[in-house]
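Below are the chains, spelled out letter by letter.
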Amino acid sequence: MENVRSNNFVPIIRALWNEQKNRELLYLEALKKDSMGSFRRLLSQGHVSAVLFQKEIRSIYDYFKCFLTDKELSETNQIASLACLQLLENAKAPSEVAACLKKIEGATLQLYKSLRTYMDREIEACRILDEHLSRISEFYEVLSKLEGNRKNSISYTAAA
């Protein structure tokens, strides 16, 4: 518990919560696009996971926070990733959408790994974070494959 209360815990968990909020917004924006076809199922799963993970992160935060000094997560500035959002708006093909989403998944994975180092003695919190880390890693791998299809089709087109 003393490791969890270090000064870095609060900013990291807030950043992670904000990153999950960004994931929610980006997946929702991607779902609005036409021509996503079979990719729509993955987008729906990404959106639902972001919403669920936000709730679980909030419960971890509420468990560890100091009620005298730490703010509510919803009170923090929610700065959406404008660059990714603009790229996503311009993306048309599923592989382009996958490339945008892969960036946010990579950033989210890094935050989970940073936060995980503070939770070494809290078994339940570690279990939740490990489940999130595993699921987001799966999204990252699938998005990497979808993005790779774009690179393969570009090199194939260039060779023709």
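In this text, all values refer to a predicted model and were calculated from it rather than measured experimentally.

Rules of the game
- Residues numbered from 1 in each chain as written.
- Predicted model: local features only at pLDDT ≥ 70, side-chain atom pairs only at ≥ 80, totals over all residues.
- Heavy atoms only, no water.
- Phe/Tyr/Trp six-rings, centres within 6.5 Å; stacked < 30°, edge-to-face > 60°.
- Helix = DSSP H or I, 4+ residues; strand = E, 2+ residues; numbered from the N terminus.
- Buried < 20%, exposed > 50% of the residue type's maximum accessible area, 1.4 Å probe, protein only.
- Lys NZ or Arg CZ within 6 Å of the ring centre and 35° of its normal.
- Axes fitted to C-alpha atoms, helices over the stretch in contact; angles between N-to-C directions.
- Parallel < 35°, antiparallel > 145°, perpendicular 65-115°, else oblique.
- Left-handed = near helix turned anticlockwise from the far one by under 90°.
- Contact = heavy atoms within 4.5 Å.
- Nonpolar A, V, L, I, M, F, W, Y, C, P; charged D, E, K, R; others polar.
- Salt bridge = Lys/Arg side-chain N within 4 Å of Asp/Glu carboxyl O.
- Core = buried A, V, L, I, M, F, W, Y, C linked by side-chain atoms within 4.5 Å.
- pLDDT = per-residue confidence, 0-100.

Student: Got a minute to help me understand the packing of aromatic side chains in this structure?
Tutor: Each pair of aromatic rings is reported with the distance of its centres and the angle of its planes. For the coordinates displayed, the defined rule picks out one aromatic pair. Aromatic pair Tyr27 and Phe139: ring centres 6.1 Å apart, planes at 50°, arrangement tilted. Of the two residues, Tyr27 is situated in helix H1 (residues 9–31) and Phe139 in helix H5 (residues 123–159); the sequence distance between them amounts to 112 residues. Just as Tyr27 is buried, Phe139 falls in that class too. Over the ring of Phe139 we find Arg135; its NZ or CZ atom is 4.3 Å from the centre of that ring.

Student: What is the right way to read the environment of Ser44 from this model?
Tutor: Turning to its location among the elements, Ser44 is positioned in helix H2 (residues 39–64). Note: C-alpha distance between Ser44 and Tyr27 (17 residues apart in sequence) is 7.3 Å.

Student: Looking at this model, I keep getting lost on the packing of H1 against helix H4 (residues 94–116). Mind explaining?
Tutor: Each pair of packed helices can be described by the angle between their axes along with the distance between the axes. In the contact formed by H1 and H4, the axes pass within 9 Å of each other and the chain directions differ by 160°. In terms of axis orientation, H1 runs roughly antiparallel to H4. The handedness of the crossing between H1 and H4 is left-handed. In this structure, H1 uses Phe9, Ile12, Ile13, Ala15, Leu16, Glu19, Gln20, Asn22, Arg23, Leu26, Tyr27 and Ala30 to contact H4, whose residues at the interface are Val97, Leu101, Ile104, Glu105, Ala107, Thr108, Leu111, Tyr112, Ser114 and Leu115. Tallied by class, the residues present in the contact of H1 with H4 amount to 15 nonpolar, four polar and three charged.

Student: When you look at the pattern of salt bridges in this model, what are you seeing that I'm missing?
Tutor: When their charged atoms lie close together, side chains carrying opposite charge are able to pair. In total, this model carries eight salt bridges according to the counting rule given. Two residues, Arg116 and Asp130, come together in a salt bridge whose shortest N-O distance is 2.7 Å. Highlighted residues: Arg116 in helix H4 and Asp130 in helix H5, separated in sequence by 14 residues. Under the relative-accessibility criterion, Asp130 is labelled partly exposed at 31%. Here Arg135 ties to Glu138 by a salt bridge, and the two come within 2.8 Å at their closest N and O atoms. Within this pair, Arg135 and its partner Glu138 are both found in helix H5, separated by three residues, close to a single helical turn. Residue class for Arg135 comes out partly exposed when judged on its relative accessible area of 28%.

Student: What am I meant to see in the nonpolar core here?
Tutor: In globular proteins that are soluble, nonpolar side chains generally tend to be buried together. In this structure, Phe9, Ile13, Ile60, Tyr112, Leu115 and Met119 are the most contacted members of the largest nonpolar core, which totals 24 residues. Elements supplying a minimum of two residues to this core: H1, H2, H4 and H5. Judged by nonpolar contacts, the second largest core, of 16 residues, contains Tyr27, Val97, Cys100 and Leu143.

Student: What is the right way to look at unusual backbone geometry in this model?
Tutor: When glycine is set aside, most residues are seen to have a negative phi, and most peptide bonds are trans. With phi around 65°, Ser35 is a residue other than glycine that occupies positive phi space. In this structure, Ser35 sits in the loop between H1 and H2. Of the residues examined, Ser35 reaches a relative accessible area of 53% and is grouped as exposed.

Student: Help me out: how do you make sense of the confidence of the model for the protein in this one?
Tutor: Low-pLDDT portions of the prediction should not be read for the details of their coordinates. Within the protein, residue pLDDT values average 80, and 79% of them lie at 70 or more. Within the protein, no element has a lower average pLDDT than helix H3 (residues 82–90), which sits at 75, and none a higher one than H2, at 91.

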